[in-house]
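A look at the structure
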Amino acid sequence: MKPFLKIVSLFFLFFCIFTKAQKTPDSVLIKKAKLEIYDNPDKAIKIGEQLLKNSPDVKTSINLYMLLSTANIAKRNFEESLQYILKAKELSQKTNDPKSQAGVLISVAIQYQQMELFSKCLETLNEADQYIARIPEKNPEKYIETAASHAIRGMVYKSQSNSEIALEKFLISIQNYDKVPVKKTTYSNMSVVYYNIGYCYLNLNQIDKAQEAFSQSINYARKNYAKSLEAFALKGISEIHKQRHENQSAINLLLKAENLCKNTGDIILNEGLYKELAENYLAMGQQKLYQQYNKKSLEMRFKRKQNELKSINQVIDNHNKETALKSEKLKSYYRYIKMGAVLLGCILIVILLYFIVKIKKQNKKFHKEIQQMIRNQ
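So, a few notes on the structure that sits alongside this text. (Residues numbered from 1 in each chain as written. Predicted model: local features only at pLDDT ≥ 70, side-chain atom pairs only at ≥ 80, totals over all residues. Heavy atoms only, no water.)

The next subject is the overall build of the protein chain. Within the protein chain one finds 16 helices and zero strands. Expressed as a percentage of the 377 residues in the protein chain, the buried residues total 49%. Expressed as a percentage of contacts within the protein chain between residues at least 6 apart in sequence, the contacts between residues at least 24 apart total 65%. Accessible surface, the protein chain: about 19,900 Å² in total, of which carbon and sulfur atoms supply 55%. (Helix = DSSP H or I, 4+ residues; strand = E, 2+ residues; numbered from the N terminus. Buried < 20%, exposed > 50% of the residue type's maximum accessible area, 1.4 Å probe, protein only. Contact = heavy atoms within 4.5 Å. Areas by Shrake-Rupley, 256 points an atom, 1.4 Å probe, with all protein chains shown as cover.)

Right, dumping it as structure tokens:
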């Protein structure tokens, strides 16, 4: 179950980073590209790349890089997605907008959470929280980013099999989303969080609460016509039926979920659906269907692992670059300190020589005066 519990954070990324509307001439195209992310990510990427060529300002460029990152996640091109989000992070450091800086860092944290680099993820969230604290109170962005931060922390704890703490984080996330005035911007986010809540209750063997949470996830997914999110929630409910040995009911839900996401090309979602279908068919003694879906599940898993490996290599390269840059800064810092120490030493030596020469001259003068006094006697 674990490989699939972490997946919903991808969909969390799809929605949490674009809740800020931009009043620019290209806003309609950006909105259109966002709507194409699920069913036609290639089209979203094409629109994003065209807009990026004539991007009028830094903030718009940041949003476009985040759009391209998200569209590549939809295609499971994690390596390219990471490259775009790191470009967005680099640009955000040139602005004084805490909302943009927090949003980008949260998106980076999601990337790290996906690759199970949990310490790096939490470190990035801590950095994001510093910018969130600078967003004015009662600003909707503060609630959105705070909710996102707690949701990702919850995903980390859930991945570490700490469902109680994860549940606390997810409930705080929901509370903050409820404070956002325009509810429509949070529907998909809340669908993802409720999906995670459902699995927390499932892990705690609180089946009725898990069923309720998955149902909430479906309701919010439907409000934003997010078929992939609905498919994930259906998969969650199917696991409840599987635990109750209601395998045919579970299969019916999984087949419905498979039909919902047939045009998305989501490797990870398909892997989860195929795995669950294989296990249910096996429980019903249908060996042929079990082998068919188990083979599909293994194929999806192989593709996922390949993508994750590329992403990790990219993270390592980026970490090495950051380390080299920090090392160079430290070298420059100590070089300046060394130069300053040498310069200060030279100044002190000059001052010391000056006083030595001055004292010698005074001594000679006193010596002459004393000699003169002796002669006069």
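And the narrative resumes.
Attention shifts here to helix α4 (residues 41-53). Taking 1.5 Å of rise per residue, 13 residues should cover 18 Å, and α4 covers 19 Å from first to last C-alpha, within 8% of that figure. Of the residues making up α4, those classed as buried are Pro 41, Ala 44, Ile 45, Ile 47, Gly 48 and Leu 51. Within α4, the buried residues cover an arc of 165° as seen down the axis, which keeps them to one side. The outward face of α4, more than 90 degrees from its buried face, is lined by the exposed residues Lys 46 and Lys 53. (Expected span 1.5 Å × (residues − 1). Arc of directions from axis to C-beta.)

With that out of the way, let us pick up the nonpolar core. Of all hydrophobic cores here, the largest spans 86 residues; its most connected members are Ile 106 and Ile 197. Ranked by residues supplied to this core, first place goes to helix α11 (residues 187-203) with eleven residues. (Core = buried A, V, L, I, M, F, W, Y, C linked by side-chain atoms within 4.5 Å.)

Time to look at a nonpolar patch on the surface. On the surface, Leu 343, Leu 344, Ile 347, Leu 348, Ile 351, Tyr 354, Phe 355 and Ile 359 cluster together to form a nonpolar patch covering roughly 790 Å² of accessible area. Checked against the element boundaries, Phe 355 lands in helix α16 (residues 287-376). Residue class for Phe 355 comes out partly exposed when judged on its relative accessible area of 43%. (Patch = residues over 30% accessible without salt bridge, like charges linked within 9 Å, V, L, I, M, F, W, Y side chains within 5 Å. Salt bridge = Lys/Arg side-chain N within 4 Å of Asp/Glu carboxyl O.)

Applying the stated criterion across every chain, the model contains ten aromatic pairs. Ring geometry for Tyr 354 versus Phe 355: centroids 5.4 Å apart, planes at 70°, classification edge-to-face. Site record: aromatic cluster; members linked through ring pairs are Tyr 195, Tyr 199, Phe 214 and Phe 232. It is Lys 223 that lies over the ring of Tyr 187; its NZ or CZ is 4.9 Å from the centre. (Phe/Tyr/Trp six-rings, centres within 6.5 Å; stacked < 30°, edge-to-face > 60°. Lys NZ or Arg CZ within 6 Å of the ring centre and 35° of its normal.)

For the rest of this paragraph, the subject is helix α9 (residues 140-159). Structurally, the α-helix is built with 3.6 residues per turn, so residues lying three or four positions apart point the same way. Helix length check: α9 (20 residues) gives 29 Å between terminal C-alpha atoms against 28 Å at 1.5 Å per residue, within 8%. With 18 of its 20 residues buried, α9 lies for the most part within the structure. One side-chain oxygen at the N-terminal end of α9 lies 2.9 Å from the backbone nitrogen of Glu 141; it belongs to Asn 139. Of the residues flanking the end of α9, it is Ser 161, one or two places downstream, whose phi is positive at about 60°. (Polar contact = N/O pair within 3.5 Å; in protein donor to acceptor, adjacent residues only side chain to side chain.)

This next bit is on unusual backbone geometry. A positive phi is found at Lys 138, a non-glycine position, where the angle reads about 65°. Taking the relative accessible area as the measure of exposure, Lys 138 reaches 71% and is therefore exposed.

Quick look at the packing of helix α13 (residues 227-243) against helix α15 (residues 267-283) now. Taken N-terminus to C-terminus, the directions of α13 and α15 make an angle of 25°; their axes are 11 Å apart at the nearest point. Looking at the two axes, α13 sits roughly parallel to α15. The handedness of the crossing between α13 and α15 is left-handed. Contact residues: α13 offers Ser 228, Ala 231, Phe 232, Lys 235, Glu 239 and Lys 242, while α15 offers Leu 269, Gly 272, Leu 273, Glu 276, Glu 279 and Asn 280. (Axes fitted to C-alpha atoms, helices over the stretch in contact; angles between N-to-C directions. Parallel < 35°, antiparallel > 145°, perpendicular 65-115°, else oblique. Left-handed = near helix turned anticlockwise from the far one by under 90°.)

Our next topic: the pattern of salt bridges. As enumerated under the stated definition, the model contains eight salt bridges in all. Notably, a salt bridge pairs Lys 142 with Glu 137, separated by 3.6 Å at the nearest N-O pair. A relative accessible area of 10% means that Lys 142 is categorised as buried. The salt bridge involving Lys 235 is made with Glu 239; its shortest N-O contact spans 3.6 Å. Separated by four residues within a single helix, Lys 235 and Glu 239 lie in helix α13, roughly one turn from each other. Accessibility classification places Lys 235 together with Glu 239 in one group, the buried group.

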